[in-house]
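The lines below spell out each chain.
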Amino acid sequence: MIHSFQLNGYNIVMDINSGAVHVVDEMVYDMIRLLDASFLAASLEANATEKLDKTYPAQLFAGLESRYSRQQLEEAYGEIYEMYDNGQLFTSDDYEQFADMMVSAPIKAMCLNVAHDCNLRCKYCFAAQGDFGGERKLMSAEVGKMAIDYLLKYSGDRHNLEMDFFGGEPLMNFDVVKEVVNYARSKEKEYNKNFRFTITTNGLLLSDDKIDFINKEMYNVVLSIDGRKEVNDYMRFHVDGTGCYDQILPKFQKLVKARGDGQYYVRGTFTKRNKDFSEDVLHFFEKGFDQISIEPVVTDPKLDYALTEEDLPEVFAEYEKLAKIIIEKRKNGEFFNFFHFMIDLDQGPCAIKRLRGCGCGNEYVSVTPEGDVYPCHQFVGKPEWIMGSVLDQSLNTEIKDSFAKTTVYTKPECKTCWAKFYCSGGCNANNLEYAGAIKKPYKLACELEKKRLECSIMIKAALADMED
């Protein structure tokens, strides 16, 4: 399987099964597309495997001889055959045979919902504005420590363990955050573990002492702010309806400045109201942030700010615009990371991650203030998905095993998609909520992911040109 596309003057051919990416001239690009169409027709007729003949297929390329000489075409075909012979083009799928071998893995990561409450009322909040559709409450230190014990129990021989303090707003329960961190640290030597903590915050309650603790103990920090003041304050506001931008921006700037080289990113959401989200990215960069994520809203399509298929052309154009901005910034010696354009073409994710994604329900779980264990934070509030409890250290292994065996090959529509090894079948929770089943992809998210992938690969090609 290959995927070919043209963007910003680049002719790009991706060999999906090997992961090879080729930037080629227009003649080679046209030839590969003809070969791909020929392979597809042959496979549909005879269920054939993709094989390339070393002999120049003159009849297939006859239509190109009006634009290129026979010698040019033969030389180009020689280059194409060399890619094929080196296992970098029209390669076979060696992954599917391993899909049925997927087994449950130790739990290595946990989202700790220390607060089912929030001091903001963001319109698009998947967590029902902080309470996850239930009672507003905070996690006790005892439940938090039991969650650490739970992670230690089910982590097997995994050395590095990850925990994200989440909500609602976790700073509303910061004393418990500190107690849980200290408890985990006290167990590291005994269990030969290393905890890496993350906290996701809206920043309203940030103070100097909290910033100091976060920058000392948190491996990563996610700072929630949507972009320009008018964008942020329309969607993210206090209980009384007033905006929060002016309060949180200087606190985020202070935290990042004090953090030095520590990992962080500002995380926003774009909706139908700000499809010009590259302006929000640039706004963050101008305010001193260089690790940036602006993600598409995922919500009920009937809402007036929801993104729908009719918005895709505008959003695609905006991603392309942002990609070109990033390239231009690099040319001028300026730098920022855009989270959705970060892709590793040299090593990339391991085979298991390519097949089943984030580890939801298998390597990753979420814990509520009551101690209930869910596959991830986006399943919270759906009682049929409770996997166990940290109170009695129980775990439903049937649910866990089912997530372990959920791969791109158990999702029929993903199986034949060129992006399958990059998105790994999409978000299970979003698939369930908006497509009706975990194994049915949420189409809107699929199309956005494919466009982001094309842009990120084009950026790689442009940066490689700059280095030559």
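Worth saying up front: this structure is predicted, and the values here are computed from it rather than measured. The residue numbers shown here count from 1 along each chain, following its written sequence. In view of the model being predicted, local features appear only for residues whose pLDDT reaches at least 70, and side-chain atom pairs are presented and counted only at 80 or more, with totals across whole chains, interfaces and linings using the full set of residues. Side-chain calculation: all heavy atoms of the structure are included, whereas hydrogens and water are not.

(A) Main features of the overall build of the protein chain. Secondary structure counts use DSSP, requiring at least four H or I residues in a row for a helix and at least two E residues in a row for a strand, with both numbered from the N terminus. Secondary structure summary: the protein chain contains 16 helices and 16 strands in total. The reference for a compact globule is 2.2 Å times residues^0.38; the radius of gyration itself is calculated from the C-alpha atoms. Whereas a compact globule of 468 residues would reach a radius of gyration of roughly 23 Å, the protein chain reaches 24 Å, a difference of no more than 12%. For the C-alpha atoms alone, the extent of the protein chain along its principal axes is close to 75 × 45 × 45 Å. A simple rule labels every residue: compare its accessible area, found with a 1.4 Å probe on the protein chains alone, to the largest value its type can have, and call it buried under 20%, exposed over 50%, or partly exposed in between. A total of 468 residues make up the protein chain; the buried ones form 53% of that total. In what follows, a contact means two residues having at least one pair of non-hydrogen atoms within 4.5 Å. Restricting the contact set of the protein chain to residue pairs at least 6 apart, pairs at least 24 apart contribute 70%.

(B) Local environment of the side chain of Thr406. Tracing the backbone through its elements, the reader meets Thr406 in the loop between α12 (397-404) and α13 (412-415). Thr406 gets classed as buried once you look at its relative accessible area, which sits at 6%. Polar contact is defined as a pair of N or O atoms within 3.5 Å, subject to the rule that within protein one atom must be able to donate a hydrogen and the other to accept it, and that residues adjacent in sequence are counted only when both atoms are side-chain atoms. A distance of 2.7 Å separates the side chain of Thr406 from the backbone oxygen of Ser402, its partner in a polar contact.

(C) Structural context of the sheet that holds strand β10 (residues 265-270). The strand order β12-β11-β10-β9-β8-β7-β4-β13-β14-β15-β16 describes an open sheet built from eleven strands, whose pairing is mixed. Because the sheet does not close on itself, it has two edges, and the strands there are β12 (337-338) and β16 (394-395). Any two strands with at least two DSSP bridges between them are considered paired. Across six bridges, strand β7 (residues 160-166) lies against strand β8 (residues 194-201) in parallel orientation. Within β8, the residue paired with Asn160 across the bridge is Asn194. Against the sheet, helix α5 (residues 174-191) contacts β4 (109-113), β7, β8 and β9 (218-224), and its axis sits at roughly 165 degrees relative to β8. Interaxial angle, 0 to 180 degrees, is taken between N-to-C directions of lines fitted to C-alpha atoms, where a helix line uses only the stretch in contact.

(D) Quick look at the environment of Met31. Residue position: Met31 is located in helix α1 (residues 26-46). You can call Met31 buried: its relative accessible area is 0%. A C-alpha to C-alpha distance of 37 Å links Met31 and Asn431, two positions 400 residues apart in sequence. Met31 has contacts with Tyr56, Phe61, Leu64, Leu73, Ala76, Tyr77 and Ile80, leaving out every residue within four places of it along the chain.

(E) The arrangement of the packing of helix α9 (residues 278-286) against helix α10 (residues 312-331) in detail. Two elements in contact, α9 and α10, have axes whose closest approach is 9 Å; the angle formed by their N-to-C orientations is 30 degrees. Comparing the axis directions of α9 and α10 gives the class roughly parallel. Here α9 contributes Ser278, Glu279, Val281, Leu282 and Phe285 to the contact with α10, which in turn contributes Glu318, Lys321, Leu322, Ile325 and Lys329. Residue composition of the contact of α9 with α10, grouped by class: five nonpolar, one polar and four charged. Should an angle fall under 35 degrees it is taken as roughly parallel, and over 145 as roughly antiparallel, whereas 65 to 115 is taken as roughly perpendicular and any remaining angle as oblique. Amino acid classes used here: Ala, Val, Leu, Ile, Met, Phe, Trp, Tyr, Cys and Pro are nonpolar; Asp, Glu, Lys and Arg are charged; the rest, including Gly, are polar.

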